[in-house]
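Here's the letter readout for the chains.
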Amino acid sequence: MSMPIGAHVSLADAVTEAQEMGADVVQVFLSDPQAWKVPPLDYPGGAEAFRTATSEAGIDVVVHAPYVINVASTNNRIRIPSRKLLQQIMTGAGEIGARGVVVHGGHVTAKDDPAKGFDNWRKAIEALDTDVPVLIENTAGGDHSMARRLDRIAELWTAVQQADSDVEVGFTLDTCHAWAGGLDLSTVVDDVRAITGRIDLVHANDSRDAAGSGADRHTNFGAGEIPPELLLDVIRAAGAPVVCETKGDVATDITWLRERL
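Heads up: these notes are all about the structure in this document. (Residues numbered from 1 in each chain as written. Predicted model: local features only at pLDDT ≥ 70, side-chain atom pairs only at ≥ 80, totals over all residues. Heavy atoms only, no water.)

### Notes on the overall build of the protein chain
Condition: The helix count covers DSSP runs of H or I at least four residues long, the strand count covers runs of E at least two residues long, and both are numbered beginning at the N terminus. Atoms considered for the radius of gyration are the C-alpha atoms alone. The globule rule reads 2.2 Å times the number of residues to the power 0.38. When accessible area is computed with a 1.4 Å probe and restricted to protein chains, residues below 20% of their type maximum are described as buried, those above 50% as exposed, and intermediate ones as partly exposed. Computed with the Shrake-Rupley method and a 1.4 Å probe, the accessible areas treat only the protein chains shown as cover for residues. His is not counted, nor are the chain ends, whereas Lys and Arg count as positive and Asp and Glu as negative. Every charge is mapped to an atom, namely NZ of Lys, CZ of Arg, CG of Asp or CD of Glu.
Within the protein chain, the secondary structure is distributed over 9 helices and 10 strands. Here the C-alpha radius of gyration of the protein chain, 17 Å, is about what a compact globule of 261 residues would show, namely 18 Å. C-alpha atoms of the protein chain, sized along the principal axes, occupy 45 × 45 × 30 Å. Looking at the protein chain as a whole, 52% of its 261 residues are labelled buried. Just so you have it, the protein chain exposes about 11300 Å², and 46% of that area is on carbon and sulfur atoms. Taking the average place of the 22 positive charges on the side chains of the protein chain and the average place of its 38 negative ones, the gap between the two points comes to 8 Å.

Shown next, in the form of structure tokens:
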């Protein structure tokens, strides 16, 4: 089996890092993932130079949106800036030739009707102007998350499919998040595909913590709680490009995957 495998890397050194670890695909941030502002692109020559360099190197690129984005929120002070920031990231992703933008599903609060969060996602998709796919990612924790459990993912998917928009919406399956979120990894690919019809990207990560813990703590393959063969089965079944978000020497994890796939 052959599928693109890579890792999250720094944007400024994306090509060098990818070549050093033998990555076919890279994931990058366009800004500080904990901040609301998008500075000028941290790459000599800007977006066009980055696009040219990655294209010439044969490297596919995906962008991860900042963690602060929560378009599901019922709080105007969070939701409105989230939409603005997401649009900026989508625009930047298009300029660098990214194949998609990974966005966490977000959450509402205990006092909110979850339906409002799902509908806010619909409105967010309708507000976007982009040719780049939005790849919603399942999350590990939170009782009021939009994309932790299968029933919530189903409601979210129904909402975004109802959006009056041409924006393409896809799905990123994170193995650590699925494990920690209480999903059954032996069936998760079929379960997600039954809802979404697609898995566009896999975030391949072992989990430091037990199944159902709700803890978003990635670790290297074989060093965590997910049985290695179960992890490999998920990746094989998904058949999508793989981004490793593990710790330290990610090149070792890429090699580990390639040898076993």
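### Let's talk about the pairing of strand 3 (residues 60-64)
Heads up, the condition is: A pair of strands is considered paired only if DSSP assigns at least 2 bridges between the two. The path from the first strand over the helix to the second decides the hand: if it runs clockwise while the strands point away from the viewer, the crossover is right-handed.
Burial within strand 3 is extensive, with 4 of its 5 residues counted as buried. Sheet topology note: the strand 2 (residues 25-28)/strand 3 ladder contains 4 bridges and is parallel. In the sheet register, V28 faces strand 3, and the bridge partner there is V63. On the question of chirality, the crossover connecting strand 2 to the parallel strand 3 by way of helix 2 (residues 46-56) is right-handed. Note that strand 3 and strand 4 (residues 101-104) share 2 bridges and pair parallel. Note that in strand 4 the partner of H64 across the bridge is V102.

### Some words on the sheet that holds strand 3
In plain terms, the rule: Every axis in this analysis is a line fitted to C-alpha atoms, fitted for helices over the stretch in contact. Angles between the N-to-C directions lie between 0 and 180 degrees. Contacts are assigned to residue pairs with any non-hydrogen atoms lying within 4.5 Å of each other.
If you walk around this closed barrel you meet the 8 strands as 1-2-3-4-5-6-7-10, and the pairing is parallel. On average, each strand axis in the sheet is inclined to that of its neighbour by 30°, with strand direction left out of account. Judged from the 3 bridges that link them, strand 6 (residues 169-174) and strand 7 (residues 201-204) form a sheet pairing that is parallel. Bridge pairing in strand 7 places T172 opposite L201. Along the sheet face, helix 5 (residues 150-161) touches strand 5 (134-137) and strand 6 and points at about 160° away from the line of strand 6.

### Quick notes on the state of the cysteines
Covalent bonding between the sulfur atoms of two cysteines defines a disulfide. Our working definition: Our working definition of a disulfide is a cysteine sulfur pair at a distance within 2.5 Å.
Taken as a whole and assessed by the stated rule, the structure comprises 0 disulfides. With no disulfide partner, C176 has as its closest neighbouring cysteine sulfur the one in C244, 13 Å distant.

### Points about the pairing of strand 2
Both faces of strand 2 are covered, namely the face carrying V25 and Q27 and the face carrying V26 and V28. Two strands pair when backbone bridges link them, and strand 1 (residues 5-8) and strand 2 are joined in this way by 2 bridges, in the parallel orientation. Each residue of the ladder has a partner; that of H8, found in strand 2, is Q27. Taken together, strand 1, helix 1 (residues 14-21) and strand 2 form a β-α-β motif whose crossover is right-handed.

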